[in-house]
Amino acid sequence: MGSEALVPKWASNPCIMGIDEAGRGPVLGPMVYGCLYCSRSYQKTLATLSFADSKTLKEEKREELFEALKANDSIGWAVDVIDPRELSAKMLKKNKINLNEISHDSAMGLIDRVLKMGVLLAEVYIDTVGDAGKYEMKLSKSFPSIKFVVAKKADSLYPVVSGASIVAKVTRDQALRDWVLDETAENMHKNFGSGYPGDPHTKSWLEHHKHSIFGFPTLVRFSWGTCTTYFKDVAEVLWESDKSDEDGGCNNSGKRQLKLSNVGFTTSKRRSEEIESSGKGRCRHALANHESATYAHMESVNLIGFLCCQFDVLKKQYERIDKGHHKHSGKVDFVKVATGSTATILMLAIFICSTCCINWYNCPTS
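What you are looking at is a predicted structure, and each value in this text was computed from that prediction instead of being measured.

About the thresholds
- Residues numbered from 1 in each chain as written.
- Predicted model: local features only at pLDDT ≥ 70, side-chain atom pairs only at ≥ 80, totals over all residues.
- Heavy atoms only, no water.
- Helix = DSSP H or I, 4+ residues; strand = E, 2+ residues; numbered from the N terminus.
- Contact = heavy atoms within 4.5 Å.
- Areas by Shrake-Rupley, 256 points an atom, 1.4 Å probe, with all protein chains shown as cover.
- Phe/Tyr/Trp six-rings, centres within 6.5 Å; stacked < 30°, edge-to-face > 60°.
- Buried < 20%, exposed > 50% of the residue type's maximum accessible area, 1.4 Å probe, protein only.
- Pairing = 2+ DSSP bridges.
- Axes fitted to C-alpha atoms, helices over the stretch in contact; angles between N-to-C directions.
- 1 Å grid on protein atoms, 1.4 Å probe; cavity = no way out; pocket = protein on both sides within 12 Å on 5 of 7 lines; lining within 4 Å.
- Points joined across faces, edges and corners; volume = space filled by probe spheres on them.
- Nonpolar A, V, L, I, M, F, W, Y, C, P; charged D, E, K, R; others polar.
- pLDDT = per-residue confidence, 0-100.
- Polar contact = N/O pair within 3.5 Å; in protein donor to acceptor, adjacent residues only side chain to side chain.
- Parallel < 35°, antiparallel > 145°, perpendicular 65-115°, else oblique.
- Left-handed = near helix turned anticlockwise from the far one by under 90°.
- Expected span 1.5 Å × (residues − 1).

Participant: Can you help me understand the overall build of the chain in this one?
Facilitator: A count of helical and extended segments in the chain gives 12 helices and 7 strands. Long-range pairs, those at least 24 residues apart, make up 71% of the contacts in the chain between residues at least 6 apart in sequence. Summed over its atoms, the accessible surface of the chain is roughly 20,200 Å², and 56% of this surface lies on carbon and sulfur atoms.

Participant: What am I meant to see in the packing of aromatic side chains here?
Facilitator: Aromatic rings considered in pairs are described by the distance between their centres and by the relative angle of their planes. In the structure shown here, the tally under the stated rule is 5 aromatic pairs. Ring centres of Phe143 and Phe148 lie 6.3 Å apart, and the angle between their planes is 50°; this geometry places the pair in the tilted category. Considering the side-chain rings of Phe192 and Trp205, the 5.8 Å spacing of their centres and the 90° angle between planes classify their relative orientation as edge-to-face. Residue Phe192 is found in the loop between helix 7 (159-177) and helix 8 (200-208), and its partner Trp205 is found in helix 8; the two are separated by 13 residues along the sequence. No difference in accessibility class separates Phe192 from Trp205, as the two residues are buried.

Participant: Before we go on, may I ask you to explain the sheet that holds strand 3 (residues 75-82) in this structure?
Facilitator: Through backbone hydrogen bonds, the strands of a sheet pair up, either in parallel or in antiparallel fashion. Reading across from one edge, 3-2-1-4-5 is the order of the 5 strands in this open sheet, with mixed pairing throughout. Both outer strands of the open sheet, strand 3 and strand 5 (147-151), are each paired with one neighbouring strand and no more. Along the sheet, successive strands turn relative to each other by an average axial angle of 15°, direction set aside. Sheet analysis places strand 2 (residues 31-39) next to strand 3, joined by 8 bridges and oriented antiparallel. Across the sheet, residue Tyr33 finds its bridge partner in strand 3, namely Asp80. Running at roughly 155° to strand 5, helix 5 (residues 132-142) makes contact with strand 4 (121-127) and strand 5 of the sheet.

Participant: Mind showing me how you'd approach the layout of surface pockets here?
Facilitator: Over the atoms rolls a probe the size of a water molecule, and in doing so it shows where empty space is left. Quantified by volume, the second largest pocket comes out at close to 280 Å³. If you go around the second largest pocket, you meet 16 residues; those closest to its centre are Glu21, Ala22, Gly23, Lys55 and Tyr196. Elements that contribute at least two residues to the lining of the second largest pocket include exactly strand 1 (15-22) and helix 7. In terms of residue class, the lining of the second largest pocket is built from 3 nonpolar, 5 polar and 8 charged.

Participant: Any chance you could explain the confidence of the model for the chain here in plain terms?
Facilitator: Low-pLDDT portions of the prediction should not be read for the details of their coordinates. Per-residue pLDDT for the chain averages 76, and the proportion of residues at 70 or more is 62%. With pLDDT under 50 throughout, residues 249-295 is counted as low confidence; its partners more than four residues away or in other chains account for 88 contacts. Here residues 326-332 is a poorly scored stretch, pLDDT under 50, and it has 2 contacts once near neighbours within four places are set aside; other chains count.

Participant: Just checking my understanding: could you explain the side chain of Asn72 for this structure?
Facilitator: With respect to the element layout, Asn72 can be found in the loop between helix 2 (59-71) and strand 3. We classify Asn72 as buried; its relative accessible area is 18%. Only 2.9 Å separates the side chain of Asn72 from the side chain of Tyr42, close enough to count as a polar contact. Beyond its immediate stretch of four places on either side in the chain, Asn72 contacts Tyr42 and Leu49.

Participant: Would you mind going over the packing of helix 2 against helix 7 with me for this structure?
Facilitator: Contact geometry for helix 2 and helix 7: axes closest at 9 Å, N-to-C directions at 110°. When the axis of helix 2 is compared with that of helix 7, the two are roughly perpendicular. Between helix 2 and helix 7 lies a crossing whose hand is left-handed. Two secondary-structure elements touch here, helix 2 through Glu59, Arg62, Glu63, Leu65, Phe66 and Leu69 and helix 7 through Gly163, Ile166, Val167, Lys169, Val170, Thr171, Asp173 and Arg177.

Participant: Looking at this structure, how should I read helix 7?
Facilitator: Count 3.6 residues to each turn of an α-helix, and residues three or four apart come out pointing the same way. For helix 7, which comprises 19 residues, the first-to-last C-alpha distance of 27 Å matches the rise-based estimate of 27 Å (1.5 Å per residue) to within 8%. With respect to burial, helix 7 is a largely interior element, 14 of its 19 residues being buried.

Participant: Is there a simple way to explain the environment of Asn13 in this structure?
Facilitator: Structurally, the position occupied by Asn13 is in the segment before strand 1. In the structure, Asn13 is positioned 26 residues away from Ser39 in sequence and 6.5 Å away in space, judged by C-alpha atoms. Beyond its immediate sequence surroundings of up to four residues, Asn13 is in contact with Ser39 and Leu120.

Right under this line is the structure:
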């Protein structure tokens, strides 16, 4: 979403960009990153457009300014809307991605998108997330041709970031207003207030929209610590998983029980993504592969046992032949050699089967 249909002529001149977010703290709804960009020569005019930190403006004023900048041919903008399900999935997966990393990736994605449109970005101003110095180094490493300014309260210091703040905030507000609840339970409503954990309306909504088994609707970021307080007396859900799915390979630990506590409602929408992010799809695949490997392992053990028995028989025959060697020195030498060779082949077969058995047993299952 953004002013990406036509790249204006001024975009070929050195441009500046501001980036800010809205909805980082709420327990409900998406987190939105917004950017605003314009020609560097337009910077002074931009300062006269009454852009300010969106948190200091009333909703009506924010929307008025947003409509004005959308109609301004000297300004471009873009947003990245991060769904609450995506936030929860990334923060709860095995290799967790924290909120700062998600924020960095979103901001860098906007920069990359605008560059690919053909906009000549020379300077980018960003409201910091985490350590400003480290963040600036990270950005400069990825985009060495751009000068970055990463600062606290950048939305109050730089008009281009103030404009980005308005873009992000209005987009998030509209997303919440237009949100369609996928769940079909009775008595569901959208009177959830601001979505911040301390809002009494949000607290009341969470209390009345929790489910003892399925958790919260998909509007909720169920990875937020706020959600855990609502699940003190809920039913425990046990999910049998192969431990190899967690470790990335097979081992001798066998199966175990995983306890799932804070899970969201399951809907048909984005079902495949939810299964993948939860690990259930990978678990089924891992179990099937592990069963195949186990069967191969059992067959190998049986084969090794059979070969060992044959080797023992040949060994005894060899000993009997050796004792009677002095009576049948002619033909017996040939039989002795043949028996010894067969025993050697059997020993080699046992070694090969043992190696295959170990490889099968330790094969990866994901």
